[in-house]
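Observations on the three-dimensional arrangement
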Amino acid sequence: MGRVVAGKIDKHLGLRIAQARSDAGVSLDEAAAAVDMSTADFAALEAGEARISAFRLASISKYFGRTIGWFYAGLPGQSAFDAKSNSSSV
């Protein structure tokens with residue numbers, strides 16, 4: 001994945017994390033502590049300046065009561081992942 005595309009995803013996820021926090025009425029310090037992060041690291045995620053791991057996104061998702069898909073909603077090209085697959089799982 002190119003650096004530009006990855007940067008756009010980081011920015012998008014950061015905006016969605018900030019939105020979830022704002023919707024919940026939770027301070028930056030409270031959210032960071034709840035998911036075992038420093039306030040500075042959580043702020044970097046919200047700003048799209050840091051890459052988020054799947055584990056961290058899952059923790060944030062659980063804390064805010066959102067699905068992981070909610071954080072990706074609105075990301076260009078995301079609709080391809082929303083289509084139902086006709087293939088069977090192995």
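Residues numbered from 1 in each chain as written. Predicted model: local features only at pLDDT ≥ 70, side-chain atom pairs only at ≥ 80, totals over all residues. Heavy atoms only, no water.

**With respect to the overall build of the protein**
The secondary structure content of the protein amounts to six helices and zero strands. When burial is assessed residue by residue, the protein has 32% of its 90 residues classed as buried. At a minimum sequence separation of 6, the contacts of the protein that also span at least 24 residues come to 58%. (Helix = DSSP H or I, 4+ residues; strand = E, 2+ residues; numbered from the N terminus. Buried < 20%, exposed > 50% of the residue type's maximum accessible area, 1.4 Å probe, protein only. Contact = heavy atoms within 4.5 Å.)

**Regarding the environment of Ala 58**
Among the structural elements, Ala 58 can be located in helix H4 (residues 54-64). When the C-alpha atoms of Ala 58 and Ile 68 are compared, they prove to be 6.6 Å apart, with ten residues separating the residues in sequence.

**Here we look at the nonpolar core**
With 18 residues, the main nonpolar core has Ile 17, Phe 42, Ile 52, Ile 60, Phe 64 and Phe 71 as its most contacted residues. Of all elements in the fold, only helix H1 (3-24), helix H2 (28-34), helix H3 (39-46), H4 and helix H5 (68-72) reach the threshold of two or more residues within this core. Looking at which element gives the most residues to this core, the answer is H1, with four residues. (Core = buried A, V, L, I, M, F, W, Y, C linked by side-chain atoms within 4.5 Å.)

**Topic: unusual backbone geometry**
Although it is not a glycine, Asp 36 adopts a positive phi angle of roughly 60 degrees. One can find Asp 36 in the loop between H2 and H3. With relative accessibility at 68%, the residue Asp 36 sits in the exposed group.

**Details of H4**
Those residues of H4 lying buried are Leu 57, Ile 60, Ser 61 and Phe 64. Along the axis of H4, the buried positions cluster into a sector of 100 degrees, meaning they face one direction only. Residues of H4 that are exposed and angled more than 90 degrees away from the buried face: Phe 55 and Lys 62. Trailing H4 by a residue or two, Gly 65 shows a phi angle of about 65 degrees, which is positive. (Arc of directions from axis to C-beta.)

**Points about the environment of Arg 66**
Along the chain, the position of Arg 66 falls in the loop between H4 and H5. By relative accessible area, which is 24% here, Arg 66 ends up partly exposed. When the C-alpha positions of Arg 66 and Ala 20 are compared, they lie 8.0 Å apart, and in sequence the two are 46 residues distant. A polar contact is formed between the side chain of Arg 66 and the side chain of Asp 23, at a distance of 2.9 Å. (Polar contact = N/O pair within 3.5 Å; in protein donor to acceptor, adjacent residues only side chain to side chain.)

**Section: H3**
Turning to H3, its buried residues are Phe 42, Ala 44, Leu 45 and Glu 46. Phi turns positive, to about 75 degrees, at Gly 48, one or two residues after H3.

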